[in-house]
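Read off the chains here:
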Amino acid sequence: MKSARNFLQLIALLLFCGLTVSAQTPGDAKAFSKDGLSFSYPSGWSFNDTSNADAQQLTFGRADSEAQITVFVFRTPITSPEKIAEAKRVLVDKYVASTTKSFEQADPHAASSPATGEIGGVKSEGVKIRASLDGLPGMAEIQWAVIGQRLVVLTLLGPDKALTKAAPAWDTLRTSIKIEEAKPQPKTSPQ
């Protein structure tokens, strides 16, 4: 139990906020939709929206799992390759470095490897960071992509056993993300 507690403390340090998940069948899916962001997630999860003016930050969870997922969607439109590179450098790279450092502090033999995937039908880049925390093997997977001119960063982490059970939930959420592009405000004409 001590190793699980230490793992949860590490998770709290890594995430903007935590989220607990458990596998569900797609038929159990609920829909989230707010401020142009929508996706499906399994029913039975607790829900917390800690969004602010800069980003949408969402957590969903179940108390019966140590796996965690974070959904982070930056509100600032990313409209050029230069802005994509800057967002990756300023936001994603710093987050990945911080997560890697936390895992390395817990396990000097932590290792990371590149990962690719898909978020909402768009190819995503990512990294997997593996570590043994108090003898409990686990991983953090961070995926990012620009969808609807917004940077989306998803994180799945936890002990391997919990991640196996959470994989269908991760896949449902990750592949169902949609972002409505911001509509320009109509110009008013003087009367």
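Residues numbered from 1 in each chain as written. Predicted model: local features only at pLDDT ≥ 70, side-chain atom pairs only at ≥ 80, totals over all residues. Heavy atoms only, no water.

Draft legend 1. Seen up close, the sheet that holds strand 4 (residues 55-61). With respect to topology, seven strands assemble into an open sheet ordered 3-4-5-9-8-7-6, the strand pairing being antiparallel. The open sheet has two edge strands, strand 3 (46-49) and strand 6 (111-119), and neither has a second partner. Across the sheet, the mean angle from the axis of one strand to that of its neighbour is 20 degrees, orientation sign disregarded. As judged from the 10 bridges shared by strand 8 (residues 136-147) and strand 9 (residues 150-159), these two strands associate in the antiparallel manner. Residue pairing for strand 9: isoleucine 142 is matched across the bridge by threonine 155. Helix 3 (residues 160-176) contacts strand 5 (68-74), strand 6, strand 7 (122-133), strand 8 and strand 9 of the sheet and is inclined by roughly 160 degrees relative to strand 9. (Pairing = 2+ DSSP bridges. Helix = DSSP H or I, 4+ residues; strand = E, 2+ residues; numbered from the N terminus. Axes fitted to C-alpha atoms, helices over the stretch in contact; angles between N-to-C directions. Contact = heavy atoms within 4.5 Å.)

Draft legend 2. Inspection of helix 2 (residues 81-106) at higher detail. Its 26 residues give helix 2 an end-to-end C-alpha distance of 36 Å, which sits within 8% of 38 Å, the value for a rise of 1.5 Å per residue. Of all the bends in helix 2, the greatest measures close to 35 degrees and is centred on lysine 88. Every buried residue belonging to helix 2 is among Ala87, Val92, Tyr95, Val96, Thr99, Thr100, Ser102 and Phe103, and all of these are buried. (Expected span 1.5 Å × (residues − 1). Bend = angle between axes of the 7 residues up to and from the residue. Buried < 20%, exposed > 50% of the residue type's maximum accessible area, 1.4 Å probe, protein only.)

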